[in-house]
Amino acid sequence: MFRTFAAITGSGFRRYSTYRQATLAGAFTNTVFGFLRCHVLLAVATGAGGVAAGYTPDQLATFVWVGQGLLAVVLLWGWNDLAERIRTGDVASDLLRPVHPVLNYLAADLGRAGYALLTRFVPPVVAGLLFFDVAIPSRWSTPPIFAISVVLAVVICFGCRYLVNATAYWLHDVRGPMMIWTFGSGVLAGLYFPLHFLPDWVTVPLWLATPFPSILQTPLDVVVERDDWPVQVGLVAVQAVWAGLILLACRAVQGAAERRLVVQGG
Amino acid sequence: MSAVPGDEPVIEARGLRKEFVVRVPAGRFRRTRRRVTAVDGIDLTVRRGEMVGYIGPNGAGKSTTLKMLTGVLMPSSGEVRVCGLPPVARRTQLALRIGVVFGQRSQLWWDLPLRDSFALLRHIYRVPAAAHAARLRRCRELLDLDDFLDVPVRQLSLGQRMRGELTAALLHGPEVLFLDEPTIGLDVVSKQAVRAFLAELGRSGETTLLLTTHDLADIERLCHRLVVIDHGRVVHDGSIGALHARYGSRRLVVAELDEPLTTPPVLAGAPLLRTEADGRRLVFACESATASAVVARLAGLVALRDIAVVEPDIEDVVARIYRNAASEGGADPAQGCSITRTAKVPGASASYRWGTSPGNVT
Amino acid sequence: MADRLGVLPAYWALLRGQARSQVSYRTSFLVDLVGNVGATVFDVATVLVLFRLTRTLGGFPRAEAMVMVGLSAAAFATADLAVGNIERLRQYVRTGLLDAVLVRPLGALPQLLLMDLPLRKASRALFGVAVLVAAVLTAGIDWTPARVGLVVLAPVCGVVFFASIFVTTAALSFWWIDSGEVGSAFTYGGRDFTTYPVTVYSGWFRAVFAYVLGFGFVAYYPALALLGRADPLGLPVWAGWAAPAVALPAVLVAALAWRVGVRHYRSTGS
């Protein structure tokens, strides 16, 4: 069972390694946006007298550059494989495989994320190191916590994307849910600005009651060492809870979809 | 406009050639470039009013030729003129004088009723209202469009859509009509309707037709002249009868009998190739007699249990062309036996076939 | 010449056809129309969120920064409406639409734009203009006839400028199949850049984007001219009026890129 999982992950990795040009193009774009966002947030810090919402300028720089790096790793946008397969009907063959569809896609996505970690994460981070004063983690506990946080973030983001795609089982046109996801996930995950820029009465409920901050905001807060390690562990724990919830939701949705498919005959 | 092919060539191509540079992975990390010749020196002359079938196996270069004739693709070398104009340089001018029908891609507006597409095309081609109305009326009669003229194109069946496409291509009164696999995927009734329409069009002699297809019956019904290409070269340019005669391919009639015959019937123009199943199955080759004549005669002579007409596969014919060429030592340049098999670009027919989206393979 | 003008009814017919097509899906079109505003609303809201934490951004107070936001949003959203779908060029090639338009007696680019015009984005353009109007009315501008002219001229040039960027980056995909993402660094990236005062940026990055590529003249310099503020970066006042001088070369580059791109397509077939 584990070997199957590993095999699918490996093939996910290999599949994405063939998209060399797209990877290069994506890394370039990430870097440009990194510059844009970094300058803006640093200007906010300057205007705010040095510290903005508890972030120092170097922390903000790290926030932006690691954020751009993670964007392709979690793959916030641009995944509609499942929706396409549902539309064309190919999804029926997924049900014939001996692996649960959700695990199948999850394994492939982890492979993809692994590849992205090597090729899309590194360039923006390096650009940040070269051109800006970035905050580097000073505690030995941070890197392992960060690593776990990233893996959980990938899982959560995968689950969300899976759910959005799965609406294709019921809806004719997934464009609506896709738009809502694209829009909401960017905002609420903390891509455009750290969520702490918003008042607390918005941030706390968002963090606990939705999975979005757990996708980007949490790993980024961990790596900039905004809090002490107990708080970091707490945030990661929230991620873990959300990862579990999302995967359960995926399984439930998949089950409902399968029943519908079987009953309706595809 | 007379019904006899006129003197001025409407399509004139000399030494038409198209090469592509393809990147092929060589080893793990590198990619080398390879030159692939899709069209390798084609000479083609079509006169006004002719109806020409342009056939060949997948990847032979048919769609590539068609693209070069309509100005979509630039030839690597050679000269070409359609309606006296060079297609690439005078694309917009030529567009007013030619019509194109894609078998697999639509020129119509997907969400609008058929009628609206026609109206839009009138504006795009700047057709005077009276002429447009007259042509539309004629097409409506011949193709029976009235039933679905107000239905959005996305809701039409393939047969209905193809009739719409034909109309759309003719509303501006083109001198030449290019058709890329117009009967593909159609049911029998629709195919017949399309063929009848094109035959009628050709009969009047106003429009020159160049038709690519995989369905031999289209050719047999419509075209007097057949150009066969393979690996980018013309291997036959003449009538269908000449093709069959030259390469010895024929339709077969396979008759299953109730009772085996000791002396099988002798049919003029259809020699008996072989008997099988202890004389219960007779295989006749239709040479100078048509298959229908053979079937009719057999039905009158013997008690038939079943009868089948086997078409000669065009791929078979062409394959045989090459076998003949190889054995004859390649004396005839048109047969091109020295054909260095230019590698077929993997998926060439998918990407260069006009308008196919990948995954839409016939 | 008459022949050139004669194509106008044809283009108008194409546009009407697209409008009818979109409206034929009435409810989902309305939903799209409403939903699309969200993206532009959000871009503007981001700036307001940032101003929660600081009184000035790049040395500019909020009221003045919003003028730049308005100029940028109005220009970009309108360009996105008019030309934005050209991003799908790769898809047009794959489905054979490009071949189909090449067979017709009209220019390929106008056909592609008109046949796929995203009318649902009209709400974004309207919102962008609304933001611009609100911003210039609340920024305490000392109005002169020249400035009134500028507040119309600048966004128009901005539309032309962004449209040129869209076309140029799309034409790139004729040579480089997977170039799609690179384009968005300059289209959406350009939009982000022009939303904020140029003083926010620094170093060679600023030099490239603001001056070499010309993005500084879309919103920042016109805003300075409207507000009557001197440029902290040292350019003279008339820089605010230089927008046409930036838009024109951009159009030429776009036209050239498109021409060469189509030529390349017709030469290689892919």
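Overview of the structure. (Residues numbered from 1 in each chain as written. Chains lettered and ligands numbered in written order. Predicted model: local features only at pLDDT ≥ 70, side-chain atom pairs only at ≥ 80, totals over all residues.)

Our next topic: the interface of chain C and chain A. With 32 residues of chain C in contact, the opposing surface of chain A contributes 28 residues. When residues of the side of chain C that touches chain A are traced back to their parent elements, those giving at least two are helix H3 (26–53), strand S1 (56–57) and helix H10 (180–195) of chain C. For the side of chain C that touches chain A, the element with the most residues is H3(C), which contributes eleven residues. Tallied by class, residues from the side of chain C that touches chain A come to 16 nonpolar, eleven polar and five charged. (Contact = placed C-beta atoms within 7 Å. Helix = DSSP H or I, 4+ residues; strand = E, 2+ residues; numbered from the N terminus. Nonpolar A, V, L, I, M, F, W, Y, C, P; charged D, E, K, R; others polar.)

This part takes up the interface of chain C and chain B. Accessible area lost on assembly of the parts is the figure often given for the size of an interface. Counting residues at the interface gives 24 residues for chain C and 30 residues for chain B. Contributions of two or more residues to the side of chain C that touches chain B are made by helix H2 (8–23), helix H5 (89–95), helix H6 (97–102) and helix H13 (243–268) of chain C. Counting residues per element, the side of chain C that touches chain B draws most heavily on H2(C), at seven residues. Its residues assigned to classes, the side of chain C that touches chain B shows nine nonpolar, ten polar and five charged.

In this structure, Glu225(A) is a non-glycine residue whose phi angle is positive, near 55 degrees. Residue class for Glu225(A) comes out buried when judged on the 20 C-beta atoms lying within 10 Å of it. Non-glycine residue Ala277(B) carries a positive phi angle of around 55 degrees. Here Ala277(B) is to be found in the loop between strand S11 (272–276) and strand S12 (281–286). (Buried ≥ 20, exposed ≤ 12 C-beta atoms within 10 Å, placed from the backbone.)

Here we take up the packing of H3(C) against helix H8 (residues 122–138) of chain C. Residues and elements named next belong to chain C. It is at 7 Å that the axes of H3 and H8 come closest, and there the two elements cross at 35 degrees. For H3 against H8, the interelement crossing comes out right-handed. Residues Leu33, Val34, Asn36, Val37, Ala39, Thr40, Val41 and Val44 of H3 form the contact with H8, whose own contacting residues are Ala122, Ser123, Arg124, Phe127, Gly128 and Val131. Taken together, the residues of the contact of H3 with H8 break down into nine nonpolar, four polar and one charged. (Axes fitted to C-alpha atoms, helices over the stretch in contact; angles between N-to-C directions. Left-handed = near helix turned anticlockwise from the far one by under 90°.)

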